[in-house]
Amino acid sequence: MKRFFSCIILSFFLLLLPAGQASANNNDSIRLSLLTCAPGEEIYSLFGHTAIRYENPSQGIDVVFNYGLFSFNTPNFIFRFSLGETDYQLGATDYERFAAEYAFFGRSVWQQTLNLTDEEKTELIRLLQENYRPENRVYRYNFFYDNCATRPRDKIEESIAGKVIYPAEPQDGSHTFRDIVHQYCKGHPWARFGIDLCIGSEADQPITQRQMMFAPFYLMDAFDGAQIKGDSIQRPLITANELVVDATPEPDESSRMPTPLQCSLLLFILTAAATIYGIRRRTGLWGIDLFLFGMAGIVGCVLAFLALFSQHPAVSSNFLLLVFHPGQLFFLPYIIYCVRKGKKCWYLTLNLMVLTLFIVLFPVIPQRFDFAVVPLALVLLIRSASNLIVTSKKK
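Residues numbered from 1 in each chain as written. Predicted model: local features only at pLDDT ≥ 70, side-chain atom pairs only at ≥ 80, totals over all residues. Heavy atoms only, no water.

### Digging into the pattern of salt bridges
So, step 1. Using the criterion set out here, one finds 18 salt bridges in the structure.
So, step 2. Among the salt bridges present, the one from aspartate 62 reaches arginine 53, with a minimum N-O distance of 2.7 Å. Residues aspartate 62 and arginine 53 agree in their burial class; the two are buried. (Salt bridge = Lys/Arg side-chain N within 4 Å of Asp/Glu carboxyl O. Buried < 20%, exposed > 50% of the residue type's maximum accessible area, 1.4 Å probe, protein only.)

Written out as structure tokens, the structure is:
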């Protein structure tokens with residue numbers, strides 16, 4: 001989730017080698033903690049970030065293991081991201097550099113000290129060292145199931161000699177992936193709109209408490225009340241929780257922009273006015289249709305590509321393909337030909353029926369939509385209907 005623009009500091013990794021091999025008797029001064037970072041303003045940082053901090057004062061070590069490293073400069077990054085083939089990697093960086101960067105961007109950081117035995121500390125350090133090897137550090141990123149929050153959780157659980165019991169949540173099963181996305185996109189309506197376009201009905205299925213931990217702050221809350229259950233005793237997973245970087249967030253400028261709903265309503269009003277003018281003049285406005293159906297078709301091609309080829313979770317069953325689909329683009333030459341010649345277009349007749357069905361069934365379709373898609377669907381509907389009206393008046 002968080003991209004580091006500085007190089008990975010390998011020298012700190014070299015310092016870790018003797019620490020991982022140290023006797024358990026020398027681990028009393030070692031502290032391992034879960035770091036949870038506040039959201040940023042970039043779309044990839046809206047959900048916050050998670051990392052593991054390793055402190056060994058006796059050897060002067062204070063490093064952060066971070067599973068969120070990626071680079072926009074990777075060849076074919078956008079294409080690979082759309083396919084769900086984005087590779088992230090584990091990095092190690094100096095804590096002071098890590099904290100300074102988050103303070104600079106106005107993002108606070110919370111630290112939860114892990115209540116681990118000496119043997120468990122040694123095992124977690126060993127796991128992190130093993131994972132940091134060049135042949136192991138790269139992994140296939142999955143936003144909901146394998147990301148910078150789930151990886152630290154899994155490594156911590158793997159190091160513990162016992163089972164981590166998370167507090168029972170009364171609302172467990174009532175949340176969905178889309179609910180959590182909306183929660184973290186609050187104040188960023190265009191990010192929410194774009195994500196809602198791409199994710200389909202699978203994102204509206206109830207998820208478990210463990211699945212909620214893909215979001216860093218849900219993981220932090222779960223760790224707060226978690227217990228480690230061993231053979232005979234039970235102990236809390238967290239011994240201390242503190243704010244280690246207290247930063248003031250940057251001013252939010254997104255509220256100054258018009259929202260997707262405002263833009264879609266404006267487009268609907270302008271299209272409706274132009275359509276009424278065209279019907280009164282008994283003329284087709286093929287330039288408007290070229291733009292509207294062309295844009296709808298381009299969006300439809302993206303959604304169809306995600307549904308058919310992407311490995312991203314929750315994008316395969318998207319009912320928005322009823323509105324935005326490749327046919328809007330592929331049949332565009334035929335649509336423009338019919339509009340210019342004043343001929344009845346069978347495709348627009350079919351389009352009118354499908355769009356009417358979508359709008360009528362909108363409340364019961366098993367997928368939550370951003371309401372801004374309703375005016376957009378109405379725009380395509382009235383342009384489809386106008387062709388039938390104009391051609392019928394010409395007979």
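Picking up after the structure, the text goes on.
### Remarks on the confidence of the model for the protein chain
So, step 1. Averaged over all residues, the pLDDT of the protein chain equals 88, while 88% of them reach at least 70.
So, step 2. At the level of individual helices and strands, the protein chain shows its lowest average pLDDT in helix H1 (residues 10-20), which scores 42, and its highest in strand S5 (residues 109-114), which scores 98. (pLDDT = per-residue confidence, 0-100. Helix = DSSP H or I, 4+ residues; strand = E, 2+ residues; numbered from the N terminus.)

### Overview of the pairing of strand S2 (residues 49-56)
So, step 1. The buried count for S2 comes to 8 of 8 residues, which makes it a mostly enclosed element.
So, step 2. Here S2 shows two buried faces, one formed by His49, Ala51, Arg53 and Glu55 and the other by Thr50, Ile52, Tyr54 and Asn56.
So, step 3. As judged from the 7 bridges shared by strand S1 (residues 31-37) and S2, these two strands associate in the antiparallel manner. Considered in S2, the bridge of leucine 32 is made with tyrosine 54.
So, step 4. With 5 bridges joining them, S2 and strand S3 (residues 61-69) adopt antiparallel strand pairing. (Pairing = 2+ DSSP bridges.)

### A word on the environment of alanine 240
So, step 1. One can find alanine 240 in strand S10 (residues 238-245).
So, step 2. Spatially, the C-alpha atoms of alanine 240 and threonine 113 are 5.2 Å apart, while their sequence positions differ by 127 residues.

### Brief notes about the sheet that holds strand S9 (residues 234-236)
So, step 1. What the 3 strands build is an open sheet, ordered S7-S8-S9; its pairing is antiparallel. Looking at which strands have only one partner, the edges of the open sheet turn out to be strand S7 (163-165) and S9. Adjacent strand axes in the sheet meet at a mean angle of 30 degrees when their direction is disregarded.
So, step 2. Sheet topology places strand S8 (residues 227-229) next to S9; 3 bridges connect them, and they run antiparallel. By the bridge assignment, glutamine 227 is partnered in S9 with proline 236. (Axes fitted to C-alpha atoms, helices over the stretch in contact; angles between N-to-C directions.)

### A word on the side chain of lysine 155
So, step 1. With respect to the helices and strands, lysine 155 occurs in helix H5 (residues 150-159).
So, step 2. Overall, the relative accessible area of 17% leaves lysine 155 in the buried class.
So, step 3. If we skip the residues at most four places from it in the chain, lysine 155 touches Tyr67, Leu124, Leu127 and Asn131. (Contact = heavy atoms within 4.5 Å.)

### Section: the environment of isoleucine 382
So, step 1. You can see isoleucine 382 is positioned in helix H15 (residues 373-393).
So, step 2. Once the C-alpha coordinates of isoleucine 382 and leucine 352 are considered, the two residues, 30 residues apart in sequence, prove to be 8.1 Å apart.
So, step 3. Discounting residues that sit within four places of it in the chain, isoleucine 382 has contacts with Phe268, Thr271, Ala272 and Thr275.

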